[in-house]
Each structure stands twice: as structure tokens, then as C-alpha cells.
Amino acid sequence: MTMLFTEFSFIPEIIRSIKDAGYKNPSPIQEQAIPEILNGNDIRGSARTGSGKTAAFLLPALHRLATTSPLSGKGPRLLILSPTRELGSQIAAQVEKYSKYLPKIKSVCIGGGVPYHKQLSKMKKPYDILFATPGRRLDFIKKGKISFPRLEVFIVDEADRMLDMGFIDPLKRVLAATPEDKQTLFFSATFGRKVSELSNLMLQNPVDIAIESDAPKHENIEQKLYYTNGLPHKKSLLTHFLSTEEIDNIIVFTSTKVHANELVIELREEGLNAAALHGDMHQRKRTDTINKMRRG
Ligand code: AMP
């Protein structure tokens, strides 16, 4: 039997937003995770993008935020850490969607790209949700600009990517600044040794939920490996691929940010439409690249 969202004990405001989003039935991870999260349990979720994991953790978290905080003090009640600002803003967009009938819920995003003083002034007003990447702006914690006396729920999304990006120490520092008795929802696509160790450190009696989503199978993706004998060969091979008519959009990964910039210049010289995307770029430029890619 397929479940219905109305079978969870969500408040009407959330049920309405789910209806507006057009979701008919909860996805498998939502079916499993939502009741556990509503019960206050910690979650160790193995799920990929496309499984509906974002709604799985956001819906019950927002349900909780709809009631007045039992704790006094300042700071967020919900902290969401994600590896990149892009992912953070995707999650923020979903928060907006699911909290449209909960106008009192306020969010703040911190991280690179937004001017320091703007972030700071937003944090002076009361807010409920803080989105952050662990890398930048952690100095807000050190400087006492953020504290977590009211923190009820801590969500870590794509933990494996955070570790790949070298965010282990910043993550531990954030953890140390949060209260003991919070609920932690930990998600990762993979659970290697380091991710498992981190999850053990962060979670208390977690409920394990592993979902094989359909999305990552990508059956229409063919993988090929080419050996090249030096940079000129590699470049001519790349130009060859990029000029192939059947291909509209390509993402090329480079080893460094500098290489990405250089490659963009070279490709443009060859008349190809190319743009860079990396962490040294201003947020506006990054968004611009993504929008251009979307528009083809
Ligand atoms: P995620 O795996 O969280 O990145 O979600 C993938 C996409 O699925 C998002 O665009 C969501 O808006 C959408 N989504 C989430 N839950 C459901 C659902 N129960 N039914 C249909 N779509 C959903």
C-alpha cells in the first residue's frame, strides 16, 4: 500500500505546502525517515540526491519549528550544514516552498559570496534556521556572533562531500559549539570509514536508513576512459569532443581552480562557449555560470 502524507502527524500548514508542491506520495526515504524524525530520533541516512531526502529532513524539522521554542536565548533552532553554497541555496529554496504557510519562520544563510556586514546584520534579528557551509564564516562562532543555546535540530547534508572538501575540522568545531541534547540528522551518499567515524561522533542511538534511489543508476550514461600522451594531445581530444555536434552541454572537471580559468580562456579562443565555476569566484559570477548552463 502506498502511503499518504496525511498519515504523518504534520500540521495543516505543512500538508498544504506539500499539496501545492504537487507531491502525491512520500518517497521511500520520506516514508522511513519522517516518523523517526518526528519522534525525535537521530538519523543516519544513506541517500542520494533525487531520493527526496531534502524533504525527508525538512518537513519534520519545519513541523517542529512551527511550535514556539521551548528554550530562551538567541540563535537558530535549526542548523543546516551543506558542502557548498549552491547546495545550501537549493535546500533554502525547498525550505521556502515547504514553509510558505509558516510566515514566522525566518532563515539566514552564511558563507562566502554574501557581504560580511549583511550577514551580520541579518543575524542580529531573531531567526530560526541557519544555513552554512563549514568552511567560511566560521569565525562568526569564534567571534561570538553565532551561538546555539536554542539549537534543537542539526542537519548535516552530503557529509561525504564535506569530508572530501577537507571540512572535517571546521565541522568538528561547529559540533563543539552546539548543545548536547539536540537532534542530529546526518546524510551521506556513501559511508566510508571516515564518514562512519564522524557519524558515530555526531549521533546518539541513530536510526539507520539506507535507500537505494533510482536516480543514481543513470543507465543512459556511458563511461569511457582515454589515455593521452601529454597536454597537447589531451587538449586536442577535449576540443574534438566539445565540437561534436550531438553534444549540447558539457561539464569539464579540472584539477585546480587556476586550470579551470585557463581552460575557459583557451576554449573561448577556439570559439567555444565556456565559463568557469569554482570557489574563488564571487557568488554572483557562480550563479551566472549556472544560469547560463541551464539556458544552454
Ligand atoms: P532531493 O533528493 O531532496 O534532492 O529531491 C529531489 C526532487 O524531488 C526535488 O526536486 C523535490 O522537490 C522532489 N520531491 C521530493 N519529495 C517528493 C515527493 N514525495 N514526490 C515528488 N517529488 C518529490
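Heads up: the structure comes first, above all this text.
What you see is a predicted model; the values in this text were computed from it and never measured.

**As for the overall build of the protein chain**
Thinking step 1. Helix and strand counts for the protein chain stand at 12 helices and seven strands.
Thinking step 2. Scaling as 2.2 N^0.38, a compact globule of 296 residues should have a C-alpha radius of gyration of about 19 Å, and the protein chain matches this with 21 Å.
Thinking step 3. Along the longest, intermediate and shortest principal axes, the C-alpha atoms of the protein chain span 65 × 50 × 40 Å.
Thinking step 4. For the protein chain, contacts bridging at least 24 residues in sequence account for 70% of all contacts bridging at least 6.
Thinking step 5. Across the protein chain, the 42 positively charged side chains and the 33 negatively charged ones have centroids separated by 9 Å.

**Regarding the environment of Thr54**
Thinking step 1. Its location among the elements puts Thr54 in helix α3 (residues 53–65).
Thinking step 2. Ignoring anything within four residues of it in the chain, the contact list for Thr54 reads Ile91 and Gln94.

**Some points on the pattern of salt bridges**
Thinking step 1. Enumeration according to the criterion identifies 13 salt bridges in this entry.
Thinking step 2. Through salt bridges that share partners, Lys53, Asp157, Glu158 and Arg161 make up one connected network.

**Considering the site of the ligand**
Thinking step 1. Of all residues adjacent to the ligand, which total 15 residues, the nearest are Tyr23, Gln30, Gly50, Gly52 and Thr54.
Thinking step 2. Between Gly52 and the ligand, the recorded distance is 2.8 Å, taken from a backbone N or O atom to an oxygen atom.
Thinking step 3. Contact distances for the ligand include 3.4 Å between an oxygen atom and a backbone N or O atom of Lys53.
Thinking step 4. Here the ligand has 500 Å² of accessible area as a free molecule, and 70% of this is covered by the chains.
Thinking step 5. Counting residues per element, the ones that place at least two in the shell around the ligand are α3 and α4 (85–98).
Thinking step 6. Here the residues of the shell around the ligand sort into three nonpolar, nine polar and three charged.

**Side note on α4**
Thinking step 1. Here α4 spans 20 Å end to end across 14 residues, near enough to the 20 Å set by a 1.5 Å rise per residue.
Thinking step 2. Restricting attention to buried positions, one finds in α4 the residues Arg85, Glu86, Leu87, Gly88, Ile91, Ala92, Val95 and Tyr98.

**Here's the deal with unusual backbone geometry**
Thinking step 1. Although it is not a glycine, Glu158 sits at a positive phi angle of roughly 55 degrees.
Thinking step 2. For Asn205, which is not glycine, the phi torsion reads 40 degrees and is therefore positive.
Thinking step 3. With respect to the helices, strands and loops of the structure, Asn205 is situated in the loop between α9 (193–202) and β7 (207–210).
Thinking step 4. Take Asn205: its relative accessible area is 73%, and that puts it in the exposed class.

**Things to note about helix α5 (residues 116–124)**
Thinking step 1. Restricting attention to buried positions, one finds in α5 the residues Gln119, Leu120 and Met123. For α5, the arc enclosing every buried residue in end-on projection is 100 degrees, short of the 170-degree limit, so these residues lie on one face. For α5, exposure combined with an orientation more than 90 degrees from the buried face picks out His117 and Lys124.
Thinking step 2. Each element contacted by the buried residues of α5 is listed here: β3 (107–110) and α6 (139–142).

**Looking at the nonpolar core**
Thinking step 1. Judged by nonpolar contacts, the single largest core of 38 residues is most densely connected at Phe10, Leu59 and Ile129.
Thinking step 2. When contributions to this core are tallied by element, the ones reaching two or more residues are α1 (12–21), α2 (28–38), α3, β2 (78–81), α4, β4 (129–132), β5 (153–156) and β6 (183–188).
Thinking step 3. Sorting elements by how many residues they give to this core places α3 first, with eight residues.
Thinking step 4. With 27 residues, the next largest nonpolar core counts Leu120, Met123, Ala132 and Met202 among its residues.

**Structural notes on the sheet that holds β2**
Thinking step 1. Pairing in this open sheet of seven strands is parallel, and the strands run β3-β4-β2-β5-β6-β1-β7 from one edge to the other. Only two strands of the sheet have a single partner each, and these edge strands are β3 and β7. If you compare each strand with its neighbour and ignore which way they point, the axes differ by 15 degrees on average.
Thinking step 2. Taken together, the four bridges between β2 and β4 define a ladder with parallel strand orientation. The residue of β4 that forms the bridge with Leu78 is Ile129.

Reading the values: the criteria
Residue numbers run consecutively from 1 along every chain, following the written order of its sequence. The predicted nature of this model means local features are confined to residues of pLDDT at least 70 and side-chain atom pairs, given and counted, to a pLDDT of 80 or more, with totals for whole chains, interfaces and linings taken over all residues. The side-chain figures draw on all heavy atoms in the structure; neither hydrogens nor water molecules are used. Helix numbering and strand numbering both begin at the N terminus, where a helix is a DSSP run of H or I of at least 4 residues and a strand a DSSP run of E of at least 2. To get the radius of gyration, use the C-alpha atoms; to get the globule rule, take the number of residues to the power 0.38 and multiply by 2.2 Å. In what follows, residue pairs with any heavy atoms lying within 4.5 Å of each other are defined as contacts. When charges are counted, Lys and Arg are positive and Asp and Glu negative, with His and the chain ends excluded. Charge positions come from single atoms, namely NZ of Lys, CZ of Arg, CG of Asp or CD of Glu. Salt bridges are defined by distance alone: a side-chain nitrogen of Lys or Arg within 4 Å of a carboxyl oxygen of Asp or Glu. We call a residue near a given molecule or strand whenever any one of its heavy atoms falls within 4 Å of it. Counting of polar contacts relies on pairs of N or O atoms within 3.5 Å, with two restrictions inside protein: one atom must be capable of donating a hydrogen and the other of accepting it, and residues adjacent in sequence are counted only when both atoms are side-chain atoms. Areas reported as accessible are Shrake-Rupley estimates using a 1.4 Å probe. Residue values count occlusion only from the protein chains shown. Each residue is assigned to one of three groups, with Ala, Val, Leu, Ile, Met, Phe, Trp, Tyr, Cys and Pro labelled nonpolar, Asp, Glu, Lys and Arg labelled charged, and all others, Gly among them, labelled polar. Expected helix span is taken as 1.5 Å per residue step, with the number of steps being one fewer than the number of residues. Per-residue accessibility, obtained with a 1.4 Å probe over protein chains only, is compared with the maximum for each type, and a residue is labelled buried under 20%, exposed over 50%, and partly exposed between these values. Our arc is simply the arc of the directions from the helix axis toward the C-beta atoms. Among buried residues, the Ala, Val, Leu, Ile, Met, Phe, Trp, Tyr and Cys ones that are joined through side-chain atoms within 4.5 Å form a nonpolar core. For two strands to count as paired, DSSP must find a minimum of two bridges between them. Between N-to-C directions, angles cover 0 to 180 degrees, with each direction set by a line fitted to C-alpha atoms, over the stretch in contact for helices.

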